[in-house]
Amino acid sequence: MIRRALAVLLAALVLTAGAAQAAQATGYRYWSFWDRDGGSWSYASLGPSLSRPDDGDVQGFRFAVSEDSQDATRPRGAAEFAVICARTPARDGKKRVALVLDFGTAADAPSGERPPARRTVCARVAPDATTADALAAVAGPLRYDSNALLCAIDGYPRKGCGEQVASGGKPEATNTSSDDSEGGASVGLVAGVAAVVVLGGAAIWQARRRRG
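Summary of the structure given here. Computed from a predicted model, the values in this text were never measured in an experiment.

The rules behind these values
Residues numbered from 1 in each chain as written. Predicted model: local features only at pLDDT ≥ 70, side-chain atom pairs only at ≥ 80, totals over all residues. Heavy atoms only, no water. Pairing = 2+ DSSP bridges. Helix = DSSP H or I, 4+ residues; strand = E, 2+ residues; numbered from the N terminus. Disulfide = S-S within 2.5 Å. Buried < 20%, exposed > 50% of the residue type's maximum accessible area, 1.4 Å probe, protein only. Contact = heavy atoms within 4.5 Å. Salt bridge = Lys/Arg side-chain N within 4 Å of Asp/Glu carboxyl O. Core = buried A, V, L, I, M, F, W, Y, C linked by side-chain atoms within 4.5 Å. Arc of directions from axis to C-beta. Phe/Tyr/Trp six-rings, centres within 6.5 Å; stacked < 30°, edge-to-face > 60°.

The next point concerns the pairing of strand β1 (residues 26-37). In terms of strand pairing, β1 meets strand β8 (residues 164-166) through three bridges, oriented antiparallel. In the strand pairing of β8, Y28 is matched with Q164. In this structure, β1 lies alongside strand β3 (residues 58-66), joined through eight bridges in antiparallel fashion. By the bridge assignment for β3, R29 is matched with V65.

And the structure:
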């Protein structure tokens, strides 16, 4: 009987710990880079400064909070080269690259900023131009960090670059309260352990009392 009660309590503790970890899930606020393959998007295998698109390619950028590349949010809306570059005629010695710029939603925007509307642009650049070159030609100013990570397109966002944020899109704050400590257990988890100890001790005391 005692073992069964303790097993139930321990199971509840595990569920509590799992819920606490899920609540603390974090992501990163950044510009993800995508290649258009037929009618779908695929996460780009190279960064924009290394990617060299061909004439007629469609590439996209999406600003959002994502945990990793598997969780990254794709650009929204239609993305057809013929439509995006319809008003940009071909020219000898140049290539055309269609770009989809999705500035994301208000929920993913940094505090105090409002995302511009999604738009598409056609860049006509030199044959050996990178995606970063094409982007700079039609959507500047761009901002990069010291590691060449793309931080802003057309000046958005004004600050920040790939910062870690808590679930819900808010920046992960430095702990100044007693609720949690970095690398330590949460209050819920501590309370769960205390409950197991107290209830387990009570069950053992009751059993000994009956035997006595």
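Once you've had a look at it, read on.
Per the counting criterion, the structure on display carries two disulfides. Across the disulfide, C151 is cross-linked to C161 (sulfur-sulfur distance 2.0 Å). On the sign convention where negative means left-handed, the S-S torsion of about -75 degrees between C151 and C161 marks this disulfide as left-handed. One end of the pair, C151, is in strand β7 (residues 150-152); the other, C161, is in the loop between β7 and β8, with ten residues separating them in the sequence. A relative accessible area of 3% places C151 in the buried class. Judged by relative accessible area, which is 25%, C161 ranks as partly exposed. Sequence-ordered numbering of the bonded cysteines in the chain gives a disulfide pattern of 1-2, 3-4.

A few words on the environment of A132. Mapped onto the elements, A132 comes out in helix α3 (residues 131-139). The sequence separation of A132 and L150 amounts to 18 residues, and the corresponding C-alpha distance is 9.1 Å. With sequence-adjacent residues up to four places away left out, A132 is seen in contact with P48, S49, L142 and Y144.

Okay, the pattern of salt bridges next. Scanning all chains against the criterion turns up five salt bridges. With its nearest N and O atoms 3.6 Å apart, the salt bridge here joins D102 to R62. Of this pair, D102 sits in strand β4 (residues 95-102) while R62 sits in strand β3; the two residues are 40 residues apart in sequence, bridging distant segments of the chain. Taken individually, D102 and R62 each receive the classification buried, so the pair is uniform in this respect. When salt bridges with common partners are traced through the structure, they connect R62, R76 and D102 into a single cluster.

Now for the nonpolar core. With 20 residues, the main nonpolar core has W31, F61, L99, L101, L135 and I153 as its most contacted residues. Those elements that provide at least two residues to this core are β1, β3, β4, β5 (119-125) and α3. Discounting chain neighbours no more than four positions away, the residues touching L99 are Q59, F61, I84, R119, T120, V121, A123, T131, A134, L135 and V138. W34, A79, A98 and V100 belong to the second-largest nonpolar core, a separate cluster that totals eleven residues.

A separate point is α3. Of all the residues in α3, the buried ones are T131, A132, A134, L135 and A139. Taken around the axis of α3, the buried residues stretch over an arc of 160 degrees, which confines them to a single face. On the buried face of α3, the contacting elements are β1, β3, β4, β5, β6 (143-144) and β7.

What follows concerns the packing of aromatic side chains. Tallying each qualifying case throughout the model produces six aromatic pairs. Measuring from ring centre to ring centre gives 5.3 Å for W31 and F103, while their planes differ by 85 degrees; the resulting arrangement is edge-to-face. In this pair, W31 sits in strand β1 while F103 sits in the loop between β4 and β5, placing the two residues 72 residues apart along the sequence. Just as W31 is buried, F103 falls in that class too. With a centroid separation of 5.3 Å and 70 degrees between ring planes, the pair formed by F63 and Y156 is classed as edge-to-face. You can see F63 sitting in strand β3 and its partner Y156 sitting in the loop between β7 and β8, a full 93 residues away along the chain. Taken together through their ring pairs, the aromatic side chains of W31, F63, F103 and Y156 make up a single cluster.

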